[in-house]
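# Observations on the model geometry
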Amino acid sequence: MEGGGSYHRMPKVRIREMKDDYLKFELRETDASMANALRRVMLAEVPTIAIDLVEIEINSSVLNDEFIAHRLGLIPLVSDRAMEMRFSRDCDACDGDGQCQFCSVEFHLWARCESDQTLDVTSADLKSNDPLVQPVDVARAIDAAAAGGTLSSAADSSDNRGIIIVKLRRGQELRLRAIARKGIGKDHAKWSPGATVTFMYEPDIHINEEMMESLTLDEKRQWIDSSPTKVFDIDPNTQQVVIVDPEAYTYDEEVIKKAEAMGKSGLVEIYAKEDSFIFTVESTGAVKAYQMLVNAIDVLRQKLDAVRYTEDADFHLLDEHMGGAAL
């Protein structure tokens, strides 16, 4: 097909910054449809594990059963094995009661306050029957202890004190059983592995040097200060306006409006590169940020394969219906 070459692209990814819960990368040589598809898959279709069924035996706290069940569902669980687990609706090895190694993980919680001091019931009180599936904060405390500290000191640190589920006063008690299952953010936000996933077009900024030279130093500073973000600055040695951080530009066009107000239309030209995107990914901790990207690409491939298989099947049906006649 003529002009079809534009569809045959080979997207490239370059990692800029990578931490367990943060990832910044470039996606190049593709278009906005692919970038947005990747963003949406990361948020809504990368599977994780979250509490989905809660059986409360005793609850004498101030929170009702539904409130506690909702809070439990929103606790992020380590979901490294989510991709290999089965969805409970597709599992033929159990009846959905939670006693299944293929599609569910069972948690128990029992807490009772015996003193006058308020007792904080946290995610650290959830006891899992699978050591690989723990609340994210509990897993971090275990990792910190393995790195050289003690489990108690790691759990008591400000970063690993646990997610509070409920507070109990003297005589109050909470006892429950919870079942965690595999799911995706499209079904419920508790299964979304991403806190935020955003992308922006990479900006291409060009300054008209001759026009800039006609400005006084004070006018240059006024023009630079018109930008709400630190995109431009003045070189202290040459007194020239330089671009210090092009990606800080938010497409607000304030510097363009300021140049026009100064009678210097065309002082700067800013374009968005239509085939280059900068992604920022923040994970809830259920899945590491880089693994979110890898899993999202796998899911996207599976969806494309399913579309291709459906199209092939439809073509064969049509071919049989037409009696193999040439189309």
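Residues numbered from 1 in each chain as written. Predicted model: local features only at pLDDT ≥ 70, side-chain atom pairs only at ≥ 80, totals over all residues. Heavy atoms only, no water.

### Some remarks on unusual backbone geometry
In the Ramachandran plot, Glu29 falls in the positive-phi region, its phi being about 60° despite a non-glycine side chain. The topology assignment puts Glu29 in the loop between β2 (22-28) and α1 (32-44). One non-glycine residue, Gln239, lies in the positive phi region at around 60°. Residue classification places Gln239 among the partly exposed residues on the basis of a relative accessible area of 31%. (Helix = DSSP H or I, 4+ residues; strand = E, 2+ residues; numbered from the N terminus. Buried < 20%, exposed > 50% of the residue type's maximum accessible area, 1.4 Å probe, protein only.)

### Here we look at the side chain of Lys220
Its location among the elements puts Lys220 in helix α6 (residues 217-225). Within the buried core, Lys220 has no salt-bridge partner, and the shortest N-O distance to an opposite charge, that of Glu213, equals 4.3 Å. Once residues lying within four places of it in the same chain are set aside, the contact partners of Lys220 are Met212, Glu213, Leu215, Ile234, Gln239 and Val241. (Lys, Arg positive; Asp, Glu negative; His and termini not counted. Salt bridge = Lys/Arg side-chain N within 4 Å of Asp/Glu carboxyl O. Contact = heavy atoms within 4.5 Å.)

### Describing the sheet that holds strand β3 (residues 48-59)
A sheet is described by the order of its strands in space; here four strands give the open sequence β3-β8-β4-β6, paired in antiparallel fashion. Two strands in the sheet have a free side with no partner beyond their single neighbour: β3 and β6 (127-128). As paired strands, strand β4 (residues 104-112) and β6 are joined by two bridges and run antiparallel to one another. Its bridge partner being in β6, His108 is matched across the sheet by Lys127. Strands in contact with helix α2 (residues 65-73) are β3 and β8 (173-183); relative to β3, the strand with the most contacts, it is inclined by about 150°. (Pairing = 2+ DSSP bridges. Axes fitted to C-alpha atoms, helices over the stretch in contact; angles between N-to-C directions.)

### Structural notes on the sheet that holds strand β1 (residues 12-18)
Two orientations exist for strands paired in a sheet by backbone hydrogen bonds: parallel and antiparallel. Strand order in this open sheet of four strands is β1-β2-β12-β9, and the pairing throughout is antiparallel. The open sheet terminates on both sides in strands that have one partner only, identified here as β1 and β9 (194-207). Each strand of the sheet is rotated relative to its neighbour by a mean of 30°, with strand direction disregarded. Pairing analysis gives seven bridges linking β2 to strand β12 (residues 268-283), with the strands arranged antiparallel. Bridge pairing in β12 links Lys24 to Thr280. Lying over the sheet, α1 contacts β2, β9 and β12, oriented at roughly 155° with respect to β9.

### What about the side chain of Ser104?
Assignment of secondary structure puts Ser104 in strand β4. A distance of 3.1 Å separates a polar atom in the side chain of Ser104 from the backbone oxygen of Cys100. (Polar contact = N/O pair within 3.5 Å; in protein donor to acceptor, adjacent residues only side chain to side chain.)

### Let's talk about a nonpolar patch on the surface
Together, Val13, Ile15, Met18, Tyr290 and Val294 give the surface a local cluster of nonpolar side chains, amounting to about 420 Å² of exposed area. Sort the elements by how many residues they give to the nonpolar patch and β1 lands first, with three residues. As for its position among the elements, Val294 is in helix α8 (residues 289-321). (Patch = residues over 30% accessible without salt bridge, like charges linked within 9 Å, V, L, I, M, F, W, Y side chains within 5 Å. Areas by Shrake-Rupley, 256 points an atom, 1.4 Å probe, with all protein chains shown as cover.)

### A few points about the layout of surface pockets
Approximately 780 Å³ is the volume attributed to the largest pocket. Surrounding the largest pocket, 20 residues form its lining, Arg9, Pro11, Met34, Leu300 and Leu304 being those nearest its centre. Of all elements in the fold, only β1, α1 and α8 reach the threshold of two or more residues within the lining of the largest pocket. Among the elements that make up the lining of the largest pocket, the one with the highest residue count is α8 (seven residues). The calculated volume of the second largest pocket comes to roughly 420 Å³. (1 Å grid on protein atoms, 1.4 Å probe; cavity = no way out; pocket = protein on both sides within 12 Å on 5 of 7 lines; lining within 4 Å. Points joined across faces, edges and corners; volume = space filled by probe spheres on them.)

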